[in-house]
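A structural walkthrough
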Amino acid sequence: MSDTETSDLPETDAEWREVLTDEEYRVLREQGTEAKFTGEFIGKDDDGTYRCAGCGAVLFDSETKFDSEGSGWPSFDDAVEGAVELRRDTSHGMVRTEVVCADCGGHLGHVFDDGPTETGKRFCINSCALDFEEGGDDR
(Lines give C-alpha, C1' and ligand atoms only; values in the text may rest on other atoms or scores of the structure.)
Protein backbone atom coordinates (compact mmCIF):
# COMPACT_ATOMS: atom_id res chain seq x y z
CA MET A 1 0.00 0.00 0.00
CA SER A 2 1.35 3.38 -0.88
CA ASP A 3 -0.90 5.80 1.00
CA THR A 4 -3.64 3.68 2.51
CA GLU A 5 -3.38 0.68 4.77
CA THR A 6 -5.46 -2.28 3.64
CA SER A 7 -7.43 -2.18 6.90
CA ASP A 8 -8.42 1.45 6.21
CA LEU A 9 -10.18 0.61 2.94
CA PRO A 10 -13.91 -0.12 2.81
CA GLU A 11 -14.57 -3.84 2.71
CA THR A 12 -18.17 -4.04 1.51
CA ASP A 13 -20.18 -2.43 -1.27
CA ALA A 14 -22.21 -0.61 1.37
CA GLU A 15 -19.05 0.87 2.89
CA TRP A 16 -17.79 1.96 -0.56
CA ARG A 17 -21.18 3.60 -1.24
CA GLU A 18 -20.77 5.61 1.98
CA VAL A 19 -17.41 7.11 0.96
CA LEU A 20 -17.90 7.61 -2.79
CA THR A 21 -20.32 9.74 -4.78
CA ASP A 22 -22.78 7.84 -6.96
CA GLU A 23 -20.69 8.57 -10.08
CA GLU A 24 -17.41 7.60 -8.37
CA TYR A 25 -19.00 4.35 -7.20
CA ARG A 26 -20.36 3.55 -10.68
CA VAL A 27 -16.93 4.07 -12.27
CA LEU A 28 -14.53 2.83 -9.57
CA ARG A 29 -16.52 -0.13 -8.23
CA GLU A 30 -18.76 -1.09 -11.19
CA GLN A 31 -16.30 -0.46 -14.05
CA GLY A 32 -18.41 2.34 -15.51
CA THR A 33 -17.31 5.18 -17.75
CA GLU A 34 -18.15 8.85 -17.42
CA ALA A 35 -19.56 10.57 -20.51
CA LYS A 36 -17.00 11.89 -23.00
CA PHE A 37 -15.84 15.49 -22.51
CA THR A 38 -17.61 15.84 -19.14
CA GLY A 39 -14.69 15.25 -16.77
CA GLU A 40 -13.24 18.09 -14.75
CA PHE A 41 -9.62 17.26 -15.64
CA ILE A 42 -9.89 17.53 -19.43
CA GLY A 43 -7.62 20.40 -20.45
CA LYS A 44 -6.20 20.83 -16.94
CA ASP A 45 -2.49 21.58 -17.14
CA ASP A 46 -1.62 22.59 -13.56
CA ASP A 47 1.42 21.04 -11.89
CA GLY A 48 0.61 18.37 -9.36
CA THR A 49 -0.35 14.77 -8.83
CA TYR A 50 -3.45 12.77 -9.63
CA ARG A 51 -4.61 10.44 -6.87
CA CYS A 52 -7.18 7.66 -6.75
CA ALA A 53 -10.56 9.07 -5.70
CA GLY A 54 -11.21 5.79 -3.89
CA CYS A 55 -8.17 5.47 -1.67
CA GLY A 56 -5.90 8.48 -2.23
CA ALA A 57 -2.98 6.56 -3.77
CA VAL A 58 -0.76 8.62 -6.09
CA LEU A 59 -1.36 7.38 -9.64
CA PHE A 60 -0.15 9.94 -12.21
CA ASP A 61 2.11 12.98 -12.27
CA SER A 62 0.93 16.05 -14.20
CA GLU A 63 4.14 15.88 -16.25
CA THR A 64 2.79 12.72 -17.90
CA LYS A 65 -0.58 14.28 -18.83
CA PHE A 66 -1.25 15.34 -22.41
CA ASP A 67 -4.17 16.53 -24.52
CA SER A 68 -5.56 13.71 -26.57
CA GLU A 69 -7.71 15.43 -29.18
CA GLY A 70 -10.97 13.62 -29.57
CA SER A 71 -10.44 11.15 -26.71
CA GLY A 72 -12.87 12.83 -24.34
CA TRP A 73 -11.02 11.79 -21.17
CA PRO A 74 -7.82 12.93 -19.44
CA SER A 75 -4.82 11.16 -20.96
CA PHE A 76 -1.43 10.24 -19.49
CA ASP A 77 1.56 8.58 -21.12
CA ASP A 78 2.75 6.80 -17.97
CA ALA A 79 1.66 5.94 -14.45
CA VAL A 80 3.63 6.18 -11.22
CA GLU A 81 5.63 2.96 -10.87
CA GLY A 82 3.60 0.26 -9.11
CA ALA A 83 0.52 2.48 -8.80
CA VAL A 84 -1.72 0.73 -11.32
CA GLU A 85 -2.44 -2.79 -12.47
CA LEU A 86 -3.42 -3.75 -16.00
CA ARG A 87 -6.11 -6.34 -16.68
CA ARG A 88 -7.60 -7.85 -19.83
CA ASP A 89 -11.10 -6.45 -20.42
CA THR A 90 -13.42 -8.19 -22.88
CA SER A 91 -16.59 -6.27 -22.02
CA HIS A 92 -18.78 -4.62 -24.66
CA GLY A 93 -17.54 -7.00 -27.38
CA MET A 94 -14.04 -5.46 -27.36
CA VAL A 95 -10.63 -6.54 -26.13
CA ARG A 96 -9.00 -3.73 -24.16
CA THR A 97 -6.59 -3.28 -21.29
CA GLU A 98 -8.27 -2.04 -18.12
CA VAL A 99 -6.34 0.17 -15.69
CA VAL A 100 -7.09 -0.29 -11.98
CA CYS A 101 -5.63 1.23 -8.82
CA ALA A 102 -3.06 -1.18 -7.39
CA ASP A 103 -4.09 -0.26 -3.84
CA CYS A 104 -7.90 -0.48 -3.85
CA GLY A 105 -8.65 -2.19 -7.17
CA GLY A 106 -10.80 0.72 -8.35
CA HIS A 107 -11.45 0.93 -12.11
CA LEU A 108 -9.73 3.99 -13.56
CA GLY A 109 -10.10 3.56 -17.31
CA HIS A 110 -8.14 1.86 -20.10
CA VAL A 111 -4.69 2.08 -21.67
CA PHE A 112 -4.05 2.04 -25.41
CA ASP A 113 -0.89 1.71 -27.51
CA ASP A 114 -1.51 4.85 -29.57
CA GLY A 115 0.05 7.55 -27.39
CA PRO A 116 1.97 10.39 -29.04
CA THR A 117 5.03 10.31 -26.75
CA GLU A 118 8.04 8.00 -26.51
CA THR A 119 6.12 5.61 -24.21
CA GLY A 120 3.56 4.98 -26.95
CA LYS A 121 0.90 4.70 -24.22
CA ARG A 122 -2.35 6.58 -23.75
CA PHE A 123 -3.85 5.99 -20.32
CA CYS A 124 -7.43 7.15 -20.90
CA ILE A 125 -8.70 7.80 -17.37
CA ASN A 126 -12.08 8.87 -15.95
CA SER A 127 -11.85 12.24 -14.18
CA CYS A 128 -14.25 11.11 -11.46
CA ALA A 129 -11.81 8.29 -10.57
CA LEU A 130 -9.17 10.92 -9.76
CA ASP A 131 -8.47 13.65 -7.24
CA PHE A 132 -5.92 16.35 -8.07
CA GLU A 133 -3.34 17.70 -5.64
CA GLU A 134 -1.49 20.86 -6.68
CA GLY A 135 2.28 20.98 -6.39
CA GLY A 136 4.63 18.04 -5.81
CA ASP A 137 3.58 14.66 -4.56
CA ASP A 138 4.35 13.23 -1.14
CA ARG A 139 4.87 9.61 -2.10
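This write-up is about the structure you can find in this document. In this text the structure is predicted, and so the values were computed from the model without any measurement.

Another aspect to go through is the sheet that holds strand β3 (residues 65–66). Reading across from one edge, β3-β4-β8-β7-β6-β5 is the order of the six strands in this open sheet, with antiparallel pairing throughout. Lying at the two open borders of the sheet, with one neighbouring strand each, are β3 and β5 (84–89). Summarising the sheet, β3 and strand β4 (residues 75–76) pair through two bridges and their orientation is antiparallel. Bridge pairing in β4 links Lys-65 to Phe-76.

Turning our attention to the pattern of salt bridges. All chains considered together, the criterion is met by eight salt bridges. Its salt-bridge partner being Lys-121, residue Asp-113 comes within 2.5 Å of it at the nearest N-O pair. Of the residues examined, Asp-113 reaches a relative accessible area of 63% and is grouped as exposed.

Let us look at the sheet that holds strand β1 (residues 48–52). With respect to topology, three strands assemble into an open sheet ordered β2-β1-β9, the strand pairing being antiparallel. The sheet terminates laterally at β2 (58–61) and β9 (130–134), the two strands that pair on one side only. Averaged over all pairs of adjacent strands, the angle between their axes in this sheet comes to 30°, without regard to strand direction. Pairing analysis gives three bridges linking β1 to β2, with the strands arranged antiparallel. Across the sheet, Thr-49 pairs through a bridge with Asp-61, a residue of β2.

This part is about the environment of Lys-36. Residue position: Lys-36 is located in the loop between α2 (22–28) and β1. Sequence separation between Lys-36 and Pro-74 is 38 residues, and the spatial gap between their C-alpha atoms is 9.9 Å. When near neighbours in sequence (up to four residues on either side) are disregarded, Lys-36 contacts Gly-70, Ser-71, Gly-72 and Trp-73.

Soluble globular proteins tend to pack their nonpolar side chains together in the buried interior. Counting residues in hydrophobic clusters, the biggest one holds 31 residues, and the most contacted among them are Leu-59, Phe-60, Val-84, Leu-108 and Phe-123. Of all elements in the fold, only α2, β1, β2, β6 (96–101), β7 (107–112), β8 (122–125) and β9 reach the threshold of two or more residues within this core. Among all residues touching Leu-108, those that are not within four sequence positions of it are Leu-28, Leu-59, Val-84, Val-99, Val-100, Cys-101, Cys-124, Ile-125, Asn-126 and Ala-129.

Let's shift gears to the packing of aromatic side chains. Where two aromatic rings form a pair, the distance of their centres and the angle of their planes describe that pair. Summed over all chains, the structure comprises six aromatic pairs. Measuring from centroid to centroid gives 5.4 Å for Phe-41 and Tyr-50, while their planes differ by 85°, and the two rings are edge-to-face. Taking the relative accessible area as the measure of exposure, Phe-41 reaches 4% and is therefore buried. Ring geometry for Phe-41 and Phe-132: centres 6.3 Å apart, planes at 50°, overall tilted. Taken as a pair, Phe-41 in the loop between α2 and β1 and Phe-132 in strand β9 lie far apart in primary sequence, 91 residues in all. Connected via pairs of aromatic rings, a cluster forms that spans Phe-41, Tyr-50, Phe-60, Phe-76, Phe-123 and Phe-132.

Reading the values: rules and limits
Residue numbers restart at each chain and count upward from 1, following the sequence in its written direction. Note on the predicted model: pLDDT of at least 70 is required for a residue's local features to be given, and 80 or more for side-chain atom pairs to be given and counted; whole-chain, interface and lining totals, by contrast, use all residues. Hydrogen atoms and water are omitted, and side-chain values are computed over all heavy atoms in the structure. Think of it this way: DSSP has to see at least two bridges between two strands before they count as a pair. Counting from the N terminus, the helices are the DSSP runs of H or I reaching at least four residues and the strands are the DSSP runs of E reaching at least two. Here a salt bridge means any side-chain nitrogen of Lys or Arg lying within 4 Å of a carboxyl oxygen belonging to Asp or Glu. Think of it in three bands: with a 1.4 Å probe and only protein chains considered, a residue is buried below 20% of the maximum accessible area for its type, exposed above 50%, and partly exposed in between. Only the stretch in contact is used when fitting a helix axis, every axis being a line fitted to C-alpha atoms; angles between N-to-C directions are given from 0 to 180 degrees. Contact criterion: two residues are considered in contact whenever any of their non-hydrogen atoms come within 4.5 Å of each other. Only buried residues count toward a nonpolar core, which is a set of Ala, Val, Leu, Ile, Met, Phe, Trp, Tyr and Cys residues joined through side-chain atoms within 4.5 Å. Each Phe, Tyr or Trp ring (for Trp, its six-membered ring) is paired with any other whose centre lies within 6.5 Å, and the angle between the two planes then decides the class: stacked below 30 degrees, edge-to-face above 60, tilted in between.

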